[in-house]
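Structure assessment
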Amino acid sequence: SLTANAQSNGDTFVHLFEWNWTDIGRECTEFLGPKGFKAVQVPPPQEHRAKDYGALDEDAWWVRYQPMSYSIGNSRSGTEQQFRDMVSECNQAGVDIYVDAVINHMAGDGGDGTVSSMGRYASQNNYPDVPYSAADFHNCGKPEIDGSDYQNNAANVRNCDLVRLDDLKTESENVRSKIIGFLNGLTAMGVKGYRIDAAKHMAPADIQNIVSRLNPIAGTNTPVYVFQEVIDKSPGQEAITASEYTSIADVTEFQWADNIGRKFQGLFEPSFGQNGKLADLETIGSPAWGMLPSDKAVIFVSNHDDQRGDGRFAIVDYNDEFGLNFIAEAYQMAQPYGYPKIMSSYYFNANEDRSVSRPTVPTNSPTGGCEAPYGPNRGGSEGWVCEHRWTGLANMVAFRKTAENQALTNWWSNGANQIAFGRNGAGFIAINHESYPLVQQLQTGMADGQYCDILSGDFVNNSCTGDIITVSSGQVSVNLPNRNSAMAIHTGAKI
Ligand code: LM2
Ligand code: CA
């Protein structure tokens, strides 16, 4: 294998969508490091297109996915110096930086002649500040990938423009060496991992070549971590499959979000002939579900695209009914499959134009920042959601670490939307997604004693700011009166 990519299934990382470099650095020191997060996925740092068709769109989040060069001299998240400071600060705090690497394409039709975040210009298939010229781009004979290509034409998906973004000849040495220079430059600054954006739109051989030429983590022989974004949601109906990429590095498992989303949302599932329910999750991750092997899969409850896309009613996010996002994220971290990424969002009105920009309030503002007084599903419409700061979710990072490599055991369900399971004596979780109480005496598989319910409070100085849970003869009395509530205990938080 080219990279030692399989992360421990005890790790968790967070996507700080559209955060500034300075704010991410501070978050590493003050919160992510102390809570044990493995890494942060940061926004694309490249010089990007800065204006679009109208004034309203000029600050849309997605300009970050339209690179104008490989310079990180300026982007919406800050300057190169601020980027470097963030990387050092996070490394110091024990938190790795994963860069979202946009390498399949440059801007949309050359940025349509508009200015970049560094005040520079490009034109279609011509980026003087890389430099790239026409010979570095595919020309597939039509303006962009057609919807039907996804079912029946892999070559078009890889060689035509994705939404008219100038598509790079990733098979050419000139392009590869520019991309590799860019990534190795970041690694030299202390970056430890990469999300390969739009990996599906590049041939596996191209990514393999690039990944095989990446330098190890600065000052070590350890390969950088790589995961590839391959959207393979309809197995059997896609011209390109996620499994074409697993020998290179880890891959996003989009089916995970859909599969659990249908259960948590209770959506009708034709193949089951009934509505999805949490009890169906007993075997998730086993081969019958047809997902990637656990040690290859990056999983998430929602991501920045599907929160805004067609899939948003199947997936779960903070826009859903009170507490649903919280229990789905907590479930994801409690179960053993995959490498979980917590989506840390900002509020946008679902009826608004999807291009609405990030909040203008700082992430550390008492009104609309992470310090705002709220819990799961604040129900706001402005500001930062900061899911990763929710007490219970942040504490699940330690649960997952404690339960590393432990099998799922002691499964219980009411046959519908109340479930509980253990992790072979290391931890135990119970989730109520019914509109009536969950009151049950359940076997946990854990040693007797008192534990902190880490979903209701913090374990500090050997005591608990939340509910204390007693395990006796291996059993707990679970009492979860409310819909969308949960409790969790683990051996790292035993009083
Ligand atoms: C991704 N993964 O494969 C990113 O996760 C996703 O967020 C990116 O799309 C996409 N691939 C390209 O990197 C976003 C956004 C698009 C947006 C593009 C480029 O979802 O809507 O496209 O970034 O900024 C926009 C316009 C589109 C236009 C295009 C080019 O929405 O209408 O196409 O720019 O000007 C003519
Ligand atoms: Ca391509």
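Provided above is the structure to which this section pertains.
An account of the accompanying structure is given in this report.

Procedures and definitions
Throughout, a residue's number is its position along its own chain's written sequence, starting from 1. Just so you know, chain letters begin at A and ligand numbers begin at 1, following the order they were written in. Reporting of local features is limited, given that this is a predicted model, to residues whose pLDDT is at least 70; pairs of side-chain atoms are given and counted only at 80 or more, and all residues count toward the totals for whole chains, interfaces and linings. Side-chain numbers here rest on the full set of heavy atoms in the structure, without hydrogens or water. In this analysis, rings of Phe, Tyr and Trp, with Trp reduced to its six-membered ring, are considered paired at centre separations within 6.5 Å, and the interplanar angle assigns stacked below 30 degrees, edge-to-face beyond 60, and tilted for intermediate values. Put simply, DSSP marks the helices as runs of H or I at least four residues long and the strands as runs of E at least two long, and each gets a number from the N terminus on. Relative accessibility decides the category of a residue: with a 1.4 Å probe and only protein chains considered, values under 20% of the type maximum give buried, values over 50% give exposed, and everything between is partly exposed. A ring has a charge above it when a Lys NZ or an Arg CZ is no more than 6 Å from the ring centre and no more than 35 degrees off the ring normal. Distances are taken per atom, and a residue is near a molecule or strand as soon as one of its heavy atoms is within 4 Å of it. Contacts described as polar in this section are N or O atom pairs within 3.5 Å, which, within protein, must combine one atom able to donate a hydrogen with one able to accept it, while residues neighboring in sequence count only if both atoms come from side chains. Each accessible area value is a Shrake-Rupley result obtained with a 1.4 Å probe; residue values ignore everything except the protein chains displayed when judging cover. Under this grouping Gly is polar, as are all residues other than the nonpolar Ala, Val, Leu, Ile, Met, Phe, Trp, Tyr, Cys and Pro and the charged Asp, Glu, Lys and Arg.

A few points about the packing of aromatic side chains
Enumeration according to the criterion identifies 25 aromatic pairs in this entry. Geometrically, the ring pair formed by Trp-19 and Trp-384 is edge-to-face, given 6.1 Å between the ring centres and 70° between the ring planes. A residue pair is termed long-range when its members are at least 10 positions apart, and Trp-19 in the loop between strand S1 (13-16) and helix H1 (21-35) and Trp-384 in the loop between strand S14 (339-344) and helix H9 (391-402) qualify at 365 residues. The same class applies to Trp-19 and to Trp-384, which are both buried. Their ring planes at 80° and their centres at 5.0 Å tell us that Phe-254 and Phe-300 sit as a pair that is edge-to-face. With a gap of 46 residues between them, Phe-254 in helix H7 (residues 254-265) and Phe-300 in strand S13 (residues 297-300) connect regions that are remote in the sequence. In this structure, Phe-254 and Phe-300 share a single accessibility class: buried. Ring pairing ties together the aromatic residues Phe-17, Trp-19, Trp-61, Tyr-65, Tyr-346 and Trp-384, which thus form one cluster. Positioned over the ring face of Phe-272 is Lys-263, at 4.0 Å from the centre of the ring. Sitting over the face of the ring of Tyr-346, Arg-308 holds its NZ or CZ atom 5.3 Å from the ring centroid.

Here's the deal with the site of ligand 1
The environment of ligand 1 is formed by 19 residues, the closest being Trp-62, Gln-66, Asp-197, Glu-229 and Asp-305. The side chain of His-105 places a nitrogen or oxygen atom 3.2 Å from an oxygen atom of ligand 1. In the environment of ligand 1, an oxygen atom lies 3.2 Å from a nitrogen or oxygen atom belonging to the side chain of Arg-195. A total of 680 Å² of accessible area belongs to ligand 1 in isolation, and the protein chains cover 83% of it. For the shell around ligand 1, the per-class residue count stands at eight nonpolar, four polar and seven charged.

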